[in-house]
Amino acid sequence: MDLDAVADELYGLRPEEFTVVRDRHAAAARAAGDRELADRIKALRRPTLAAWASNLLVREQPEAVEPLVRLGEGLRRAHEELDGAQLRELSRRQHTLVAALTRQAGSLTAAAGHRVGGAVQEEIEQTLRAVLADPEAAREWATGRLARPLSAAPGFRLGDTRTQAQTQTHLTLVPPVSRERGKAAERRTPDRRPPEPSAAERKAAGKRRRTEERRRRESAEAREAAERAAEDLRGREADAEQAERAAGEAADRAARLRRRVGELADALRGAEADVREAEGAEREARVRAREAERGLRDARRRARVTATHLARLTPDDG
């Protein structure tokens with residue numbers, strides 16, 4: 001048993017199966033004397049529905065991994081090169097791909113017995129957009145072992161209108177337009193650039209970004225704390241159920257033993273009565289034997305006396 005194999009198995013399970021199987025593996029590692037492995041297994045966190053759906057997508061549709069990762073690489077490269085035309089084309093593609101993968105993840109979870117709502121679908125989409133924006137997030141997603149949804153790190157973020165204003169890019173969802181109309185628009189305004197934001201606007205944008213990041217971080221921490229509390233509650237409920245089951249089994253065994261003791265006590269009392277009865281019979285038999293022996297002695301004595309008397313009465317033929 002090793003941590004990678006256990007983690008790979010656990011994050012392929014449905015969320016409600018995760019804790020029981022994880023605890024069983026941790027107990028097995030502890031029983032084998034590998035306390036460090038047991039602690040590392042125990043530290044694995046149960047995935048949220050959105051994380052499980054993302055893992056399911058990677059595991060059930062592995063062919064979807066590379067196109068999304070490659071698209072993210074192209075978007076980041078176009079952003080660095082300030083290639084507006086390429087960004088617009090890739091943005092249309094990311095809109096289509098993210099929407100399709102989000103729907104596919106929802107279909108997979110429904111087939112596995114969990115229908116996800118709008119909030120979970122938003123977290124799935126957020127995870128896919130983080131994959132596009134952050135190579136580290138892409139690598140983590142591709143393992144299929146997420147415990148919670150991913151979010152894009154600060155910096156390059158798809159859909160940031162402030163970045164769009166500074167770089168003439170469009171990373172948000174854009175309505176489909178024909179190539180000819182796009183080219184005509186470029187010809188009509190070849191050198192027009194959006195105005196640079198003022199210092200006050202940049203300051204306000206920075207404040208909004210920090211507030212949004214703090215809110216997102218606090219929300220993620222609160223979700224994680226709630227998940228830990230829920231998992232702890234499930235673990236304690238499982239422990240209580242196991243203890244109650246063990247107490248019930250012990251009570252049944254004690255009742256069986258009490259019944260056996262009662263049966264043995266009854267048998268002992270019966271045996272003791274039999275012994276007393278046998279001892280009484282033995283005493284009576286010994287009394288009768290002594291009486292019979294006395295009777296025998298008396299009979300022998302009488303026989304001798306009679307024989308002697310007879311001999312005297314009988315004349316001697318000689």
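The rules behind these values
- Residues numbered from 1 in each chain as written.
- Predicted model: local features only at pLDDT ≥ 70, side-chain atom pairs only at ≥ 80, totals over all residues.
- Heavy atoms only, no water.
- Core = buried A, V, L, I, M, F, W, Y, C linked by side-chain atoms within 4.5 Å.
- Buried < 20%, exposed > 50% of the residue type's maximum accessible area, 1.4 Å probe, protein only.
- Helix = DSSP H or I, 4+ residues; strand = E, 2+ residues; numbered from the N terminus.
- Contact = heavy atoms within 4.5 Å.
- Expected span 1.5 Å × (residues − 1).
- Axes fitted to C-alpha atoms, helices over the stretch in contact; angles between N-to-C directions.
- Parallel < 35°, antiparallel > 145°, perpendicular 65-115°, else oblique.
- Nonpolar A, V, L, I, M, F, W, Y, C, P; charged D, E, K, R; others polar.
- Salt bridge = Lys/Arg side-chain N within 4 Å of Asp/Glu carboxyl O.

Trainee: How would you explain the nonpolar core if you had to name every residue and give the values?
Mentor: Counting residues in hydrophobic clusters, the biggest one holds 32 residues, and the most contacted among them are Leu57, Leu68, Ile124, Leu128, Trp141 and Leu150. Elements with a contribution of two residues or more to this core: α4 (49-60), α5 (65-80), α6 (84-111), α7 (118-133) and α8 (135-142). Ranked by residues supplied to this core, first place goes to α4 with 7 residues. Ignoring anything within four residues of it in the chain, the contact list for Leu150 reads Gln126, Thr127, Ala130, Val131, Ala137, Glu140 and Trp141. Membership of the second largest hydrophobic core comes to 14 residues, among which are Val6, Leu13, Val21 and Ala29.

Trainee: Break down α6 for me, citing the residues and quoting the values.
Mentor: The α-helix advances 3.6 residues per turn, and as a result positions three or four apart in sequence lie on the same side. Across its 28 residues, α6 extends 40 Å between first and last C-alpha, which sits within 8% of the 40 Å expected from 1.5 Å per residue. For α6, the complete set of buried residues consists of Gly84, Leu87, Leu90, Ser91, Gln94, Val98, Leu101, Thr102, Ala105, Gly106, Leu108 and Thr109. Looking at the buried residues of α6, the elements they touch are α4, α5 and α7. Positive backbone phi, approximately 105°, marks Gly113, located one or two places after α6.

Trainee: Lay out the packing of α4 against α6 with the relevant residues and their values.
Mentor: Where α4 contacts α6, the two axes come as close as 9 Å, and the packing angle between them is 95°. Regarding the angle of α4 to α6, the classification is roughly perpendicular. Taking contact as the criterion, the partners of Trp52, Ala53, Leu56, Leu57 and Glu60 in α4 are, on α6, Leu101, Gln104, Ala105, Leu108 and Thr109. Broken down by class, the residue content of the contact of α4 with α6 amounts to 7 nonpolar, 2 polar and 1 charged.

Trainee: Before we move on, can you summarise the pattern of salt bridges with the specific residues and values?
Mentor: Taken as a whole, this structure holds 16 salt bridges when the rule is applied. The partner of Glu263 in a salt bridge is Arg260, and the shortest N-O contact between them spans 3.5 Å. Here Glu263 and its partner Arg260 are both found in helix α11 (residues 199-313), 3 residues apart, which amounts to about one turn of the helix. The class for Glu263 is partly exposed, based on a relative accessible area of 45%. Using a relative accessible area of 46% as the deciding quantity, one classes Arg260 as partly exposed. Among the charged side chains, a salt-bridge network with shared partners connects Asp4, Asp8, Arg59 and Arg145.

Trainee: If you had to explain the packing of α5 against α8 to someone new, which residues and values would you point to?
Mentor: Two elements in contact, α5 and α8, have axes separated by 11 Å at closest approach and are oriented at 175°. Considered as vectors, α5 and α8 are oriented roughly antiparallel to each other. Two secondary-structure elements touch here, α5 through Val65, Leu68, Val69 and Arg76 and α8 through Pro135, Ala138, Trp141 and Ala142.

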